[in-house]
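Structural characterization, general
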Amino acid sequence: MLALYTAASGMAAQALAVQVISNNIANLSTTGYKRQRAEFQDLLYDHVRQVGTQSSNQGNILPVGIELGLGVKTVGTPRLMTQGNLSSTSNSLDLAVQGDGFFKILMPDGSFGYTRDGSFNLDAQGRIVTANGNVVQPGITVPPTASSITINQQGQVSVTIPGTTTPSVLGQINLTRFINEAGLQAIGDNLLVETPASGSPQDGLPMQNGYGNIQQGNLEQSNVDAVVEMTNLITAQRSYEMNSKVITATDQMLQTNNNMHT
Amino acid sequence: MENASLVGLSRQMSLQREMEVVANNVANIDTNGFKADFSLFEEYLMPGARDGNFRVADSPVSFVRDRGTLIDLNQGPLQRTGSPLDVAINGDGFLVIRTPQGERYTRNGALEISPQGELVTSEGYQVLGEGGPIAFQNQDTGITINQEGTVSVKDPSNSTVAIIRGQLRVVSFAQAQRLQKEGGSTFSGPADMPPSPSTKSKVVQGALEKSNVRPIIEMSRMIEVSRSYAMIANLLQSQGDLHKASIQQLADVPTS
């Protein structure tokens, strides 16, 4: 009976939902993490009796047909790019983006990664780098003597050099936007990379043309809502159970057949 | 075989189909915009029994057969997601999408933006507005979809006005029962039933319509199906036993 395979597809889908939920919960306090959700669609249908066909030569039409669905499929696990809360850290190199846009990071292989995780540091050469030591683009080098780094909302980086009274501007941190942010591919380490689905990267200045602003001394928390995830987990677990019950019931029906003796 | 066995078999066959319908409903318990199916049964009267030996002139035999599956078009619960590209339709309307096979209709409003900036479904099919696909520009922020389905974005130079990017096409059908499920949360309509603009629907942004499968109903139906199936099997069994006993006893020729 097809019901066995239909229910199995339901169990597989719910197992995947639990996988996605568990990753969200595991990243509850990952800076800049955007939660994912599993999206399902029904599989194709077996049209046993076509709706709308003629049931008599007088032109009577079947108002309903027999459609047997064959289960469920996962269509995607899109990332929800909503704003996470900002938490104040008072660390001058902790940056959060409020609004749209990603920080652009130069990866060791020469390609670019994009992140909302703005917990930056200085490396031995004084460059602004991520926690993994990858340089934030465009590269900005802070002189060793400089003190009190200020990054304003437009992304302008300025420092105070001892012996001078006016702060000197070192550079400008840009943000990058994509037309379809959900189409970016996650590669771990809080990094996302461009794909054919995301569209090409659009670099721009913060606070202009729809780009978000930069908040110094803040970090963007993950946008995972623990309550939502727990409710989703319960739903997924119960749905999984229900699908297994269908398998049991179908199995019992087949067993009934086998138990008939002649 | 006897008529009772044939009647029992007809019921068992329809029960198997009903189980498949239940299984599909349960499998799609978490599918956005999914509409549950119901099985419809009807009595089929056969004027005379097939089995000539037991024919009685005035007792027609009634069989059961499944006449069709009915789509339960009731509204599913709306779940808040907070994502600006999620829309749910409150009412009888459907979104119109463009697939390679032609226009299809869906209530699954988990939408995305394509690399070209167009509003698409999770499978990448364009969501149609009144004037064709709805496209966004690179610098667009703050996508708002109001309850009439007007899609607008913030004007970067003037925060008090919105730039309109399109109007979602929300349609309804005179006889929605005649829609056919196509999989992928989509429906297709017959050629003689054109869609008309829905007047009773509201678009809700930041929410998704969940599946309208009611778990308790499905579980009860499942129990009912498997129990009825076993009951019919018992009936068939006793019919068989009866047959066996009669053959044995009738064939029991006195040996004296």
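What you are looking at is a predicted structure, and each value in this text was computed from that prediction instead of being measured.

Thoughts on the layout of surface pockets
The rolling of a water-molecule-sized probe over the atoms marks out the regions of remaining empty space. Looking at the largest pocket, its volume works out to about 920 Å³. In terms of lining, the largest pocket is formed by 47 residues, of which the most central are Asp100 and Glu181 of chain A together with Pro84, Thr141 and Gly142 of chain B. Of the residues that constitute the lining of the largest pocket, the class distribution is 16 nonpolar, 18 polar and 13 charged. Its volume calculated, the second largest pocket comes out at about 640 Å³. In this structure, the second largest pocket is lined by 33 residues; those nearest its centre are Asn232 and Thr235 of chain A together with Asp30, Gln79 and Lys210 of chain B. Going through the elements one at a time, α1 (2-26), β1 (39-42) and α2 (226-259) of chain A together with β3 (78-80) of chain B are the ones with two or more residues in the lining of the second largest pocket.

Quick word on the packing of α1 of chain A against α2 of chain A
Axis angle and axis distance: for two packed helices, these are the angle between their axes and the distance between the axes, and together they describe the pair. All names here are of chain A. At a minimum axis distance of 9 Å, the contact between α1 and α2 shows a crossing angle of 160°. The orientation of α1 relative to α2 falls into the category roughly antiparallel. Crossing hand, α1 versus α2: left-handed. Across the contact of α1 with α2, the residue classes break down as 17 nonpolar, eight polar and one charged.

Describing the packing of aromatic side chains
Under the defined criterion, the tally for this structure stands at six aromatic pairs over all chains. Ring centres of Phe103 of chain A and Phe120 of chain A lie 5.1 Å apart, and the angle between their planes is 80°; this geometry places the pair in the edge-to-face category. One end of the pair, Phe103 of chain A, is in strand β7 (residues 103-106); the other, Phe120 of chain A, is in the loop between β8 (112-115) and β9 (121-122), and 17 residues separate them in sequence. You'll find Phe103 of chain A and Phe120 of chain A in the same group, each marked buried. Ring geometry for Phe94 of chain B and Phe187 of chain B: centres 5.5 Å apart, planes at 70°, overall edge-to-face. You can see Phe94 of chain B sitting in strand β5 (residues 94-99) and its partner Phe187 of chain B sitting in strand β16 (residues 186-188), a full 93 residues away along the chain.

Side note on the interface of chain B and chain A
Contact residues are listed per partner, giving 70 residues for chain B and 65 residues for chain A. Of the roughly 5,300 Å² buried at the junction of chain B and chain A (both faces included), carbon and sulfur atoms supply 56%. Its largest share of buried area at the contact with chain A, chain B owes to Glu20, Asn138 and Gln180 of chain B, together 11% of the area lost on that side. Among the ionic pairs, Lys73 of chain A bridges to Glu123 of chain B, the shortest N-O distance being 3.2 Å. Put simply, chain B and chain A have 19 residue pairs in polar contact (both at pLDDT 80 or more) between them. Those elements giving two or more residues to the side of chain B that touches chain A turn out to be α1 (3-27), β1 (37-46), β2 (61-71), β7 (112-113), β15 (180-183) and α2 (215-250) of chain B. Looking at which element gives the most residues to the side of chain B that touches chain A, the answer is α2 of chain B, with 12 residues. Its residues assigned to classes, the side of chain B that touches chain A shows 27 nonpolar, 27 polar and 16 charged.

Here's the deal with unusual backbone geometry
Residues and elements named next belong to chain A. The amide bond that connects Gln137 to the next residue, Pro138, takes the cis arrangement and shows omega of -15°. Its place among the elements puts Pro138 in the loop between β10 (128-129) and β11 (147-151). Positive phi values are uncommon outside glycine, yet Asp189 reaches one of about 55°. Within the element layout of this structure, Asp189 appears in the loop between β15 (185-188) and β16 (191-193). By relative accessible area, which is 59% here, Asp189 ends up exposed. Of note, the phi angle at Asn209 is positive, near 50°, even though the residue is not glycine. As for its position among the elements, Asn209 is in the loop between β17 (202-204) and β18 (213-216). Classification of Asn209 by relative accessible area gives partly exposed; the value is 48%.

Re empty space enclosed by the protein
Using the criterion set out here, one finds two cavities of 30 Å³ or more in the structure. Lining the largest cavity we find Gln41 of chain A together with Ile97, Thr106, Asn108, Ala110, Thr121, Ser122, Glu123, Tyr125, Gly184, Ser185 and Thr186 of chain B. The residue makeup of the lining of the largest cavity, split by class, is three nonpolar, eight polar and one charged. A volume near 40 Å³ is recorded for the second largest cavity. Forming the walls of the second largest cavity are Val51, Val64, Gly65 and Glu67 of chain A together with Thr69, Leu70, Ile71, Gln177 and Leu179 of chain B. Per-element tally for the lining of the second largest cavity: the top contributor is β2 of chain B, with three residues. A per-class count over the lining of the second largest cavity returns five nonpolar, three polar and one charged.

Describing the pairing of β5 of chain B
Residues and elements named next belong to chain B. Counting buried positions along β5 yields five of six residues, so the element is predominantly enclosed. With two bridges connecting them, β5 and strand β14 (residues 170-172) associate as antiparallel partners. Bridged to Phe94 within β14 is Val171. Taken together, the five bridges between β5 and strand β6 (residues 102-106) define a ladder with antiparallel strand orientation. When the sheet's bridge partners are listed, Val96 is paired in β6 with Tyr105. Hairpin connection from β5 to β6: two residues lie between these consecutive antiparallel strands. Strand direction decides the pairing type here: β5 and strand β9 (residues 126-129), joined by two bridges, are antiparallel. Bridge assignment links Arg98 to a residue of β9, and that residue is Gln126.

Regarding the pattern of salt bridges
Counting across every chain of the model gives 20 salt bridges over all chains. Taken together, the shared-partner salt bridges connect Lys34, Arg116 and Glu220 of chain A into one network.

Comments concerning the sheet that holds strand β12 (residues 150-154) of chain B
Residue and element names in this part refer to chain B. Strand order in this open sheet of three strands is β11-β12-β13, and the pairing throughout is antiparallel. At either margin of the open sheet sits one strand with a lone partner, and together these are β11 (144-145) and β13 (162-167). Bridge count between β11 and β12: two bridges; the pairing is antiparallel. Note on β12: the bridge partner recorded for Thr144 is Ser152.

Analysis parameters
- Residues numbered from 1 in each chain as written.
- Chains lettered and ligands numbered in written order.
- Predicted model: local features only at pLDDT ≥ 70, side-chain atom pairs only at ≥ 80, totals over all residues.
- Heavy atoms only, no water.
- 1 Å grid on protein atoms, 1.4 Å probe; cavity = no way out; pocket = protein on both sides within 12 Å on 5 of 7 lines; lining within 4 Å.
- Points joined across faces, edges and corners; volume = space filled by probe spheres on them.
- Nonpolar A, V, L, I, M, F, W, Y, C, P; charged D, E, K, R; others polar.
- Helix = DSSP H or I, 4+ residues; strand = E, 2+ residues; numbered from the N terminus.
- Axes fitted to C-alpha atoms, helices over the stretch in contact; angles between N-to-C directions.
- Parallel < 35°, antiparallel > 145°, perpendicular 65-115°, else oblique.
- Left-handed = near helix turned anticlockwise from the far one by under 90°.
- Phe/Tyr/Trp six-rings, centres within 6.5 Å; stacked < 30°, edge-to-face > 60°.
- Buried < 20%, exposed > 50% of the residue type's maximum accessible area, 1.4 Å probe, protein only.
- Contact = heavy atoms within 4.5 Å.
- Buried area = accessible area lost by both parts, 1.4 Å probe.
- Salt bridge = Lys/Arg side-chain N within 4 Å of Asp/Glu carboxyl O.
- Polar contact = N/O pair within 3.5 Å; in protein donor to acceptor, adjacent residues only side chain to side chain.
- Pairing = 2+ DSSP bridges.

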